[in-house]
Amino acid sequence: MTTPTQHPILVLGGTGKTGSRVVDALRARGAAVRVASRSAEQHFDWSDDSTWAPALAGASAVYLVPLDGVPTGPAFVRQAAAAGVERIVLLSARGTDTPGYFAADDPANLARLELEAAVRDSGAQWTILRPGWFAQNFSEGFFRDEIRSGELYLPAGSAAVSFVDTEDIAAVAVAALLDPGHAGRTYELSGPRAVTFDEALAEIAAATGHRARYIPVEPAAYTAALVDQGLSELDAGIWTSALNGILRGLEAKVSDGIPRALGRPGRDFTEFVRTAASTGAWTV
Ligand SMILES: NC(=O)c1ccc[n+]([C@@H]2O[C@H](COP(=O)([O-])OP(=O)(O)OC[C@H]3O[C@@H](n4cnc5c(N)ncnc54)[C@H](OP(=O)(O)O)[C@@H]3O)[C@@H](O)[C@H]2O)c1
């Protein structure tokens, strides 16, 4: 274990599902942290490059949470390396370089591949995290409101998913930011077992008494419903395309990145549900 540097570590997406946990875990290790996003103390906006230099000033390392479908990531990485950043830990996604996992013209995945390449070519020490679907989508993300209202509609059939707890993603990120031995590594991250949406909602019901129903829908109908709800065609397409990996059974795989990086298994979905229920995540 190295002594944390007092040059700040810049955490992009520092208010989000992984970034906020990276911030907490870095502070627990005594590291200096600069929390950045549009609403954070360090204003940072992917679409306004005048906000990048102040965020990068004096930073020794960056936890990089990209914004899906936004192409400015590689330019930011080049600017970070030029500003003296020595380590970059990138949050990417599972399947990004697996042929057939995403559609060949999927804009979010094309942007992700370019960003991964920019990070590897940056000259900084790099670690790439490729997580599958987050467990916290149920408690903090886009499944939560439908679960609270009693019906969760998804184009996911009866497939199972090895949901990964964002506490574990943060733990791997912090190890890569502070400790030796993770440079040049790509970690595919998942939870230790796969659950179906029916099983996940049953676990939430057992912990909270609130039973939501899972209702499978066709992908095209799902995209149309998202557009009706006000999403752009691009964003609706990105979401449906991301969910397509679940429908085809690709997200059931259990990956070895957490044991490889941390020497322990990932947190089980039941433990995630217990923790989220105790904070009132699904209280209506
Ligand atoms: N969710 C999953 O299951 C999953 C699985 C695999 C990979 N991923 C990847 O993880 C990344 C994060 O996704 P997420 O849905 O979980 O989101 P999240 O990290 O929970 O939230 C997004 C973060 O980005 C910030 N943000 C939003 N727009 C921004 C902008 N224009 N400029 C700067 N910061 C901005 C938000 O804060 P402000 O609103 O304050 O700006 C927030 O901190 C994505 O790249 C996604 O592909 C997600």
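Our structure's up above, just so we're on the same page.
Here the structure is a predicted model, which is why all the values come from computation and not from measurement.

Let's shift gears to the packing of helix α3 (residues 73–82) against helix α4 (residues 107–120). Between α3 and α4, the shortest axis-to-axis distance is 8 Å and the interhelical angle comes to 10°. In terms of orientation, α3 and α4 fall into the roughly parallel class. Every pair of crossing elements has a handedness; the one defined by α3 and α4 is right-handed. In this structure, α3 contributes G73, P74 and V77 to the contact, and α4 contributes E114, L115, A118 and V119.

Moving on, we come to the site of the ligand. Near the ligand lie 24 residues; those nearest to it are T15, S37, S39, D68 and N137. A distance of 3.1 Å separates an oxygen atom of the ligand from a polar atom in the backbone of P66. F134 places a polar main-chain atom, nitrogen or oxygen, 2.9 Å from an oxygen atom of the ligand. For the ligand, whose accessible area on its own is 890 Å², the fraction buried by protein is 82%. Tallied by class, the residues present in the shell around the ligand amount to 10 nonpolar, nine polar and five charged.

Neither face of strand β1 (residues 9–12) is open: one carries I9 and V11, the other L10 and L12, and all of them are buried. Relative to strand β2 (residues 33–37), β1 runs parallel, the two being bridged by four bridges. The residue of β2 that forms the bridge with V11 is V35. Bridging between β1 and strand β4 (residues 61–64) involves three bridges; their strand directions are parallel. Residue pairing across strands places I9 opposite A61, the latter belonging to β4.

Turning our eyes to something else, we now look at α4. Taking 1.5 Å of rise per residue, the 14 residues of α4 would be expected to cover 20 Å, and the 20 Å separating its terminal C-alpha atoms lies within 8% of that figure. When we look at burial in α4, the residues that qualify are A108, N109, A111, R112, L115, E116, A118 and V119. Structurally, the start of α4 carries an N-cap: the backbone nitrogen of A108 is 2.9 Å from a side-chain oxygen of D106.

With five of its five residues buried, strand β5 (residues 87–91) lies for the most part within the structure. Burial along β5 is two-sided: the face carrying R87, V89 and L91 and the face carrying I88 and L90 are both buried. For the crossover from β4 across α3 to β5, the handedness is right-handed. As defined by bridge partners, β5 adjoins strand β6 (residues 125–131) across five bridges and the pair is classed as parallel. Note on β6: the bridge partner recorded for V89 is T127. The handedness of the β5 to β6 crossover, carried by α4, is right-handed.

Here we take up the packing of helix α7 (residues 197–208) against helix α11 (residues 269–278). It is at 10 Å that the axes of α7 and α11 come closest, and there the two elements cross at 45°. Classified by the interaxial angle, the pair formed by α7 and α11 is oblique. Considering only the axes of α7 and α11, their crossing is right-handed. Only F269, T270, V273 and A277 of α11 make contact with α7, whose side of the interface consists of A200, E203, I204, A207 and T208. Grouping the constituent residues of the contact of α7 with α11 by class yields six nonpolar, two polar and one charged.

Quick look at the side chain of D165 now. Mapped onto the fold, D165 is located in the loop between β8 (160–161) and α6 (166–178). Of the residues examined, D165 reaches a relative accessible area of 1% and is grouped as buried. Within the local environment of D165, its side chain forms a polar contact with the backbone nitrogen of E167, the two atoms lying 2.8 Å apart. Contact partners of D165, with chain neighbours within four places excluded, come to A135, Q136, R267 and F272.

Here is what the cut-offs are and how they apply
Residues numbered from 1 in each chain as written. Predicted model: local features only at pLDDT ≥ 70, side-chain atom pairs only at ≥ 80, totals over all residues. Heavy atoms only, no water. Axes fitted to C-alpha atoms, helices over the stretch in contact; angles between N-to-C directions. Helix = DSSP H or I, 4+ residues; strand = E, 2+ residues; numbered from the N terminus. Parallel < 35°, antiparallel > 145°, perpendicular 65-115°, else oblique. Left-handed = near helix turned anticlockwise from the far one by under 90°. Contact = heavy atoms within 4.5 Å. Near = heavy atom within 4 Å. Polar contact = N/O pair within 3.5 Å; in protein donor to acceptor, adjacent residues only side chain to side chain. Areas by Shrake-Rupley, 256 points an atom, 1.4 Å probe, with all protein chains shown as cover. Nonpolar A, V, L, I, M, F, W, Y, C, P; charged D, E, K, R; others polar. Buried < 20%, exposed > 50% of the residue type's maximum accessible area, 1.4 Å probe, protein only. Pairing = 2+ DSSP bridges. Expected span 1.5 Å × (residues − 1). Right-handed = clockwise from strand over helix to strand, strands pointing away.

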